[in-house]
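Each chain, written out:
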Number of protein chains: 2
Amino acid sequence: MKHEPFNESIEMYLKTACELAVGDAPVAISALAGRLGVSAVSATEMVHRLQESGLVDHQPYKGITLTEDGRHQAAAVIRSHRLWECFLVDHLKLPWDEAHEWSCRLEHATDPQVTDALEVYLGYPLTCPHGSPIPTPDGTIVEPADQPLTTLLPGQSAVIARIYPETAELLSYLSDLGLTTGTRIILKERAPFHGPLVLLVGEDIRYLGGEGAAQIFINQVEDAS
Amino acid sequence: MKHEPFNESIEMYLKTACELAVGDAPVAISALAGRLGVSAVSATEMVHRLQESGLVDHQPYKGITLTEDGRHQAAAVIRSHRLWECFLVDHLKLPWDEAHEWSCRLEHATDPQVTDALEVYLGYPLTCPHGSPIPTPDGTIVEPADQPLTTLLPGQSAVIARIYPETAELLSYLSDLGLTTGTRIILKERAPFHGPLVLLVGEDIRYLGGEGAAQIFINQVEDAS
DNA sequence: CTGTATTTTCAGGTTAACCTGATCTTACAG
DNA sequence: CTGTAAGATCAGGTTAACCTGAAAATACAG
């Protein structure tokens, strides 16, 4: 089996670059390398290849930005990833926290036509089960209108809107705590210096470390009664 | 992205070996190589690797047979392939002939848990849209009870039960002719020496080359009125 | 039982995506 | 405005899965 244009690595780089990008700021190669679990040298090598192919723009010592083409391809991968997550969770009834990892493999094996048909089948969902928006076929990704859990004040309540970035460990942990998207929580108190949060989830008290809290986004903030 | 145990090639070899096997007869390496579009040398190399891993039994100058382990893994790949085909055709309403190629990519990216959930979701289909049986989770594959179209006599009618082996070109061609699984046909006449068949499909006359006919299997044979 | 075609092996080569270690270049903070 | 950490590059190495060309081993048919 000759491995035709071997997209998978390329797609992972583009996807990761897209996910790490905030606004127009270039993404550091070291950040890319870190997230992909690859050495800085390897990442630099690959970035050169991507540059050759016109998928990224590399400003030495600054970082990379995706070209139109690159952003488009990245969005396509993210799109299929999130749609598969919807399918796995909503239709196949597979666990909320494991769907992410499984979709990480499916996302590279999905033809755009399949992705589009899947979207229709699912009824054009707006977000994945973890709250992240689903890119449109033309590559636009709407900015989520939520705020970090770290901005919630003691005595307030809110609904978990999104987990980002999605990591297998955190999703599994949150799943165990019952802290899935759509869950309303009340912040009882917060230790300073990124210490743990004390949350009321239904009838239960949950303690959540600051690192995890930084990856949780909320909306529908209210003063708890 | 480090490419962890890189299954894809291995899976293709195992799957192909399984598909080429008839009974207990060993599969020639050249046959494997031919089907995979790879040189005999490369196939031999890979067969050695598979032997090391205990997936395959290689008798020099005879061919290979799958070990229990190998057969099991092959069945898992075929299983996910055919279940995906069901999903793509029956649920996503994607074209009957293109589903095969798309499933060829998905099959390697599917966790067994996902495969099993998919089977439940689809309602335990017995065959893929092209008529091939879906292996059970434990790796058994039921022998189809159909016969080659080449055994049909002029004046008889039958229902297309299965296309095998599935190749993109043939499926696309048959799709254009309306010769999909489940279609009842009547054999008007047959030229000798594997010449073309003259078929009545509904109201239409179709001519089908002998090579194509060899990949079509039928059942429900009746004498046409 | 020999000859030819198939199989296998050997030698040597390629590519993509990784790696480490060492060196060079640049940004920016004090 | 200089020193140091972060970033980039160079050199050299690995692995899996391919390749071609050529030589050796074997099967089996006439």
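Residues numbered from 1 in each chain as written. Chains lettered and ligands numbered in written order. Predicted model: local features only at pLDDT ≥ 70, side-chain atom pairs only at ≥ 80, totals over all residues. Heavy atoms only, no water.

Observations concerning the overall build of chain A
Okay, step 1: What chain A contains, in helices and strands, is 8 helices and 8 strands.
Okay, step 2: For 225 residues, the compact-globule formula gives about 17 Å, and the C-alpha radius of gyration of chain A, at 19 Å, lands near that figure.
Okay, step 3: Along the longest, intermediate and shortest principal axes, the C-alpha atoms of chain A span 60 × 45 × 30 Å.
Okay, step 4: Relative to its full complement of 225 residues, chain A shows a buried share of 47%. (Helix = DSSP H or I, 4+ residues; strand = E, 2+ residues; numbered from the N terminus. Rg over C-alpha atoms; globule rule 2.2 N^0.38 Å. Buried < 20%, exposed > 50% of the residue type's maximum accessible area, 1.4 Å probe, protein only.)

Let's talk about the relation of the copies chain B and chain A
Okay, step 1: For the pair chain B and chain A, the superposition axis carries a translation of 0.0 Å, the fit reaches an RMSD of 0.0 Å, and the rotation angle comes to 180°. Such a turn and shift between the copies fits a two-fold axis.
Okay, step 2: The overlap is high: 100% of the interface residues of chain B also sit at the interface in chain A, so the same surface is used on both sides. (Least-squares fit on C-alpha atoms with pLDDT ≥ 70 in both. Contact = heavy atoms within 4.5 Å.)

Considering the packing of helix α4 (residues 68–91) of chain B against helix α6 (residues 112–122) of chain B
All names here are of chain B.
Okay, step 1: Where α4 meets α6, the axes come as close as 10 Å, and the angle between the chain directions of the two elements is 40°. Classified by the angle their axes make, α4 and α6 are oblique. At the point where α4 passes α6, the crossing takes the left-handed sense. Note on element contacts: α6 touches α4 through Val114, Thr115, Asp116, Leu118, Glu119, Tyr121 and Leu122, opposite Arg79, Ser80, Leu83, Trp84, Cys86, Phe87 and His91.
Okay, step 2: Its residues placed into classes, the contact of α4 with α6 shows 8 nonpolar, 3 polar and 3 charged. (Axes fitted to C-alpha atoms, helices over the stretch in contact; angles between N-to-C directions. Parallel < 35°, antiparallel > 145°, perpendicular 65-115°, else oblique. Left-handed = near helix turned anticlockwise from the far one by under 90°. Nonpolar A, V, L, I, M, F, W, Y, C, P; charged D, E, K, R; others polar.)

A look at the interface of chain B and chain A
Okay, step 1: Tallying the contact residues gives 29 residues for chain B and 29 residues for chain A.
Okay, step 2: Buried surface at the junction of chain B and chain A, both sides included, amounts to about 2,700 Å², of which 65% is carbon and sulfur.
Okay, step 3: Along the contact surface separating chain B from chain A lie 0 salt bridges.
Okay, step 4: Joining chain B to chain A, the criterion identifies 5 residue pairs in polar contact (both at pLDDT 80 or more).
Okay, step 5: Mapped by element, the contributors of at least two residues to the side of chain B that touches chain A are α1 (7–20), α4, α5 (99–106) and α6 of chain B.
Okay, step 6: Counting residues per element, the side of chain B that touches chain A draws most heavily on α6 of chain B, at 5 residues.
Okay, step 7: Looking at the side of chain B that touches chain A residue by residue, the classes come out as 18 nonpolar, 6 polar and 5 charged. (Buried area = accessible area lost by both parts, 1.4 Å probe. Salt bridge = Lys/Arg side-chain N within 4 Å of Asp/Glu carboxyl O. Polar contact = N/O pair within 3.5 Å; in protein donor to acceptor, adjacent residues only side chain to side chain.)

Examining the sheet that holds strand β3 (residues 147–148) of chain A
Sheets are built from strands paired through backbone hydrogen bonds, the pairs being either parallel or antiparallel.
Residue and element names in this part refer to chain A.
Okay, step 1: With respect to topology, 6 strands assemble into an open sheet ordered β3-β8-β4-β5-β6-β7, the strand pairing being antiparallel. Edge positions in the sheet fall to β3 and β7 (204–208), since each has one partner strand and no second.
Okay, step 2: Its contacts with the sheet put helix α7 (residues 168–177) on β4 (156–163), β7 and β8 (216–223), and the angle it makes with β7 is roughly 160°. (Pairing = 2+ DSSP bridges.)

A word on unusual backbone geometry
Residues apart from glycine generally show negative phi values, whereas peptide bonds are mostly found in trans.
Okay, step 1: Note that the residue after Tyr164 of chain A, namely Pro165 of chain A, is joined by a cis bond; omega there is -5°.
Okay, step 2: Not every positive phi belongs to a glycine, and Gln220 of chain A is a case in point at roughly 50°.
Okay, step 3: In this structure, Gln220 of chain A sits in strand β8.
Okay, step 4: Phi is positive for Lys93 of chain B, close to 60°, though the residue is something other than glycine.
Okay, step 5: With respect to the helices and strands, the residue Lys93 of chain B is situated in the loop between α4 and α5.
Okay, step 6: On the accessibility criterion, Lys93 of chain B (65% relative accessible area) is exposed.

Quick word on the pattern of salt bridges
All names here are of chain A.
Okay, step 1: Following the criterion strictly, the structure yields 16 salt bridges over all chains and no others.
Okay, step 2: For Glu222, the salt bridge identified is with Arg184, shortest N-O distance 3.5 Å. Of this pair, Glu222 sits in strand β8 while Arg184 sits in strand β5 (residues 184–190), placing them 38 residues apart in sequence.

A look at the domain arrangement of chain A
Okay, step 1: Looking at chain A, the domain boundaries give domain 1 (7–66) and domain 2 (147–223).
Okay, step 2: One C-alpha centre belongs to domain 1 of chain A, the other to domain 2 of chain A; they are set 31 Å apart. (Domains from an automatic or database assignment.)

Quick look at helix α3 (residues 40–52) of chain B
All names here are of chain B.
Okay, step 1: In this model α3 runs 18 Å from its N-terminal to its C-terminal C-alpha over 13 residues, within 8% of the 18 Å that 1.5 Å per residue would give.
Okay, step 2: Those residues of α3 lying buried are Ala43, Met46, Val47 and Leu50. With its buried residues spanning 110° around the axis, α3 presents them on a single face. Exposed residues pointing more than 90 degrees away from the buried face of α3 are listed as Val41 and Glu52.
Okay, step 3: Summarising the contacts, the buried residues of α3 are in contact with α1, α2 (29–36), β1 (56–59) and β2 (63–66).
Okay, step 4: Downstream of α3 by one or two residues, Gly54 has phi in the positive range, about 70°. (Expected span 1.5 Å × (residues − 1). Arc of directions from axis to C-beta.)

Some thoughts on the environment of Glu222 of chain A
Residues and elements named next belong to chain A.
Okay, step 1: Of the residues examined, Glu222 reaches a relative accessible area of 44% and is grouped as partly exposed.
Okay, step 2: A C-alpha to C-alpha distance of 5.2 Å links Glu222 and Ser157, two positions 65 residues apart in sequence.
Okay, step 3: If sequence neighbours within four positions are ignored, Glu222 has contacts with Gln156, Ser157 and Arg184.

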